[in-house]
Amino acid sequence: MKKINGSVGQKGTNVPSDVKLVKTLLNRVKYKSTKNKLIVTGQVGNDLIDRIKLFQKDFVKINNPNGLIEPGDKTFKKLNESSAKVKIGTHLTFSTKGINLLQDVEQLELKPYDDHTGKEVSEWVDGATIGYGHYILKNEWDLYKNGITKVQSVALFKKDLQPFITTVKTKVRSDITQNEFDALVILAFNIGVGGFSSSSVLKLVNNPLANTPYQSIEDAWKAWNKSEGKIMNGLIKRRQCEWDIYSKAVYKRW
């Protein structure tokens, strides 16, 4: 059973670590109607107070909820019990909406091109790319140097996606929704399996109280905005697109 040291919510002591834990537990509760997840920070706002009241009303059966959780009270005990019943979403896989958006982002190129310049290439270079963002290894050049068809590109794209889908399924230990899963796969596809596996994003998804340089998952997510040490406008927009999928289930290319 999780524990808080002080009260959380309306007129509570609201120690940041307690607030983060309560938000995390509330996010794991399955409500009758779909609710947006609370952003897990140590700050208390009306969104948290309203969510506590909703939980007290629907799950604890309190007629006049006060929006406050005390250590050891029946609201906190019920919150522990309700959140513990949630199963981690290992059954999830990358959705059609996620695939379509990522294909739109990566864009289809049937001839090899240099990812750094965007220009077609007739011989292998570091950054040679084809299809939906497939980096061509030097020993693959003969296979792709004359181009590929759209059907081949789709098959190659699905093959390329699999390691990232597997990584998210195996590395994420918290319960996540379909849109969150999709956003994490799209992020991993861009920053790499190694980058994702060691990222503060993953640490905070698994444990919002994890010790990282960032105050929130959003901050950690949007910190991936550099290429070769320089902040890139394209990456800023890409991270916002991914974050909109993760936090709002909005699948929209910039």
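Definitions and cut-offs
Residues numbered from 1 in each chain as written. Predicted model: local features only at pLDDT ≥ 70, side-chain atom pairs only at ≥ 80, totals over all residues. Heavy atoms only, no water. Helix = DSSP H or I, 4+ residues; strand = E, 2+ residues; numbered from the N terminus. Buried < 20%, exposed > 50% of the residue type's maximum accessible area, 1.4 Å probe, protein only. Contact = heavy atoms within 4.5 Å. Areas by Shrake-Rupley, 256 points an atom, 1.4 Å probe, with all protein chains shown as cover. Phe/Tyr/Trp six-rings, centres within 6.5 Å; stacked < 30°, edge-to-face > 60°. Lys NZ or Arg CZ within 6 Å of the ring centre and 35° of its normal. Axes fitted to C-alpha atoms, helices over the stretch in contact; angles between N-to-C directions. Parallel < 35°, antiparallel > 145°, perpendicular 65-115°, else oblique. Left-handed = near helix turned anticlockwise from the far one by under 90°. Pairing = 2+ DSSP bridges. Salt bridge = Lys/Arg side-chain N within 4 Å of Asp/Glu carboxyl O.

Peer 1: What is the right way to look at the overall build of the chain in this model?
Peer 2: What the chain contains, in helices and strands, is 10 helices and 7 strands. Each of the three principal axes of the chain carries a C-alpha extent, and together these read 70 × 35 × 30 Å. Put simply, the chain has 254 residues, and 48% of those count as buried. Long-range contacts, defined as pairs at least 24 residues apart, comprise 55% of the intrachain contacts of the chain with a sequence gap of at least 6. Approximately 14,000 Å² of the chain is accessible, and the part contributed by carbon and sulfur atoms is 50%.

Peer 1: Just to check I follow, could you spell out the packing of aromatic side chains for this structure?
Peer 2: One pair of aromatic rings is described through two measures. These are the centre distance and the angle between the planes. Within the structure shown, the criterion is met by 7 aromatic pairs. Taking 5.0 Å as the distance between ring centres and 15° as the angle between the ring planes, the aromatic pair formed by F55 and F59 counts as stacked. The class of F59 is partly exposed, set by a relative accessible area of 23%. Judged by centre distance (5.3 Å) and plane angle (55°), the ring pair of Y132 and F157 falls under tilted. You can see Y132 sitting in the loop between β4 (128–131) and β5 (134–135) and its partner F157 sitting in helix α6 (residues 150–171), a full 25 residues away along the chain. Here Y132 matches F157 in class, with each residue buried. When the ring centre of W254 is taken as reference, the NZ or CZ atom of R253 above it lies at 4.9 Å.

Peer 1: Teacher, can you tell me more about the packing of helix α1 (residues 16–27) against helix α2 (residues 46–58) here?
Peer 2: Between two packed helices, what matters for the description is the angle formed by their axes and the separation of those axes. Close contact between α1 and α2 brings their axes to 11 Å; oriented N to C, the two are set at 50°. With respect to their mutual orientation, α1 and α2 come out oblique. α2 is crossed by α1, and the crossing has left-handed handedness. Each of V19, V22, K23, L26 and N27 in α1 lies in contact with α2, whose residues at this interface are L48, R51, I52 and F55.

Peer 1: Explanation requested: the pairing of β4 in the structure shown.
Peer 2: Inspection of the sheet shows strand β3 (residues 109–114) paired to β4 by 3 bridges, in the antiparallel sense. Paired with Y113 across the strands is T129, a residue of β4. A loop of 2 residues connects β4 with β5, the two strands running antiparallel in sequence, and G133 in this loop sits at a positive phi of about 75°.

Peer 1: Is there a simple way to think about the sheet that holds β4 in this case?
Peer 2: Strand pairing in a sheet is mediated by backbone hydrogen bonds. Such pairs are either parallel or antiparallel. An order of β3-β4-β5 is seen for the 3 strands of this open sheet, with the pairing classed as antiparallel. Sheet topology places β3 and β5 at the edges, where each strand pairs with a single neighbour.

Peer 1: Just checking my understanding: could you explain the environment of G118 for this structure?
Peer 2: Here G118 lies in the loop between β3 and β4. On the basis of relative accessibility, which here comes to 53%, the residue G118 falls in the exposed class. Sequence separation of G118 and A128 is 10 residues, and the distance between their C-alpha atoms is 9.5 Å.

Peer 1: Where do I start with unusual backbone geometry in this structure?
Peer 2: With glycine set apart, most residues show a phi of negative sign, and most peptide bonds adopt trans. At N14, a residue that is not glycine, the phi angle is positive and equals roughly 55°. As for its placement among the helices and strands, N14 is situated in the loop between β1 (8–9) and α1. With a phi angle near 60°, K61 is a residue other than glycine that sits in the positive phi range. Topologically, K61 is positioned in the loop between α2 and β2 (68–69).

Peer 1: Which parts of the structure should I look at to understand the pattern of salt bridges?
Peer 2: Side-chain pairs of opposite charge can arise where the charged atoms are in close proximity. Per the stated rule, a full pass over the model turns up 9 salt bridges. For the salt bridge of E180 with K37, the shortest nitrogen-to-oxygen distance reads 3.1 Å. Of this pair, E180 sits in helix α7 (residues 178–197) while K37 is found in the loop between α1 and α2, placing the two residues 143 residues apart along the sequence. According to the relative accessible area criterion, E180 is buried, its value standing at 3%. Looking at K37, the relative accessible area reads 26%, which means it is partly exposed. Across the salt bridge formed by K248 and D244, the nearest N and O atoms sit 3.8 Å from each other. Residue K248 and its partner D244 are both found in helix α10 (residues 233–248); the two are separated by 4 residues, about one turn of the helix. Via salt bridges that share partners, E106, R238, R239 and E242 belong to a single interconnected network.

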